[in-house]
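# Chains, contacts and geometry: an overview
Given next are the chains, with one letter for each unit.
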Amino acid sequence: NLELVPIFEREMLAESSMGDIDFEHQLLAVFEETAPQMISEYESAVWAGADQDAHRAAHSLKGSSRALGMMRLGAIAEVLEQWVKAGRREDAPYS
């Protein structure tokens, strides 16, 4: 159940930044720019039936999210990744 996954775990971000607050801000700024692109790439790939591209985009979003402590977003991306891997694109939500 995704609701049980913490939204944010500060410790993960601190670990990724080695405790450097300025670096955390830089990491989050890069994520703020790249996450919408990953989501868009996933959505486009799903619509196009490009499973490998959809899997790659979901996998990238999963890893980036979790590395920055965004655990629930990472879990959602993992579900999307699993749907594509299992050939269940029709179950995946799109806008």
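These notes cover the structure that comes with them.

For the rest of this paragraph, the subject is the environment of D51. Tracing the backbone through its elements, the reader meets D51 in helix 3 (residues 51-67). With a relative accessible area of 27%, D51 lands in the partly exposed category. Between the alpha carbons of D51 and K85 there is a distance of 7.5 Å; along the sequence they are 34 residues apart.

One non-glycine residue, M18, adopts positive backbone phi at about 55 degrees. Along the chain, M18 falls in the loop between helix 1 (10-17) and helix 2 (21-48).

To continue, consider helix 3. Given a rise of 1.5 Å per residue, 17 residues ought to cover 24 Å, and the 24 Å separating the end C-alpha atoms of helix 3 matches this to within 8%. Within helix 3 the residues assigned to the buried category are A54, A57, A58, L61, K62 and S65. All buried residues of helix 3 project into a common sector of 135 degrees when viewed along the axis, lining one side. Looking one or two places after helix 3, you find G69, whose phi comes out positive at around 85 degrees.

Reading guide: rules and limits
- Residues numbered from 1 in each chain as written.
- Predicted model: local features only at pLDDT ≥ 70, side-chain atom pairs only at ≥ 80, totals over all residues.
- Heavy atoms only, no water.
- Helix = DSSP H or I, 4+ residues; strand = E, 2+ residues; numbered from the N terminus.
- Buried < 20%, exposed > 50% of the residue type's maximum accessible area, 1.4 Å probe, protein only.
- Expected span 1.5 Å × (residues − 1).
- Arc of directions from axis to C-beta.

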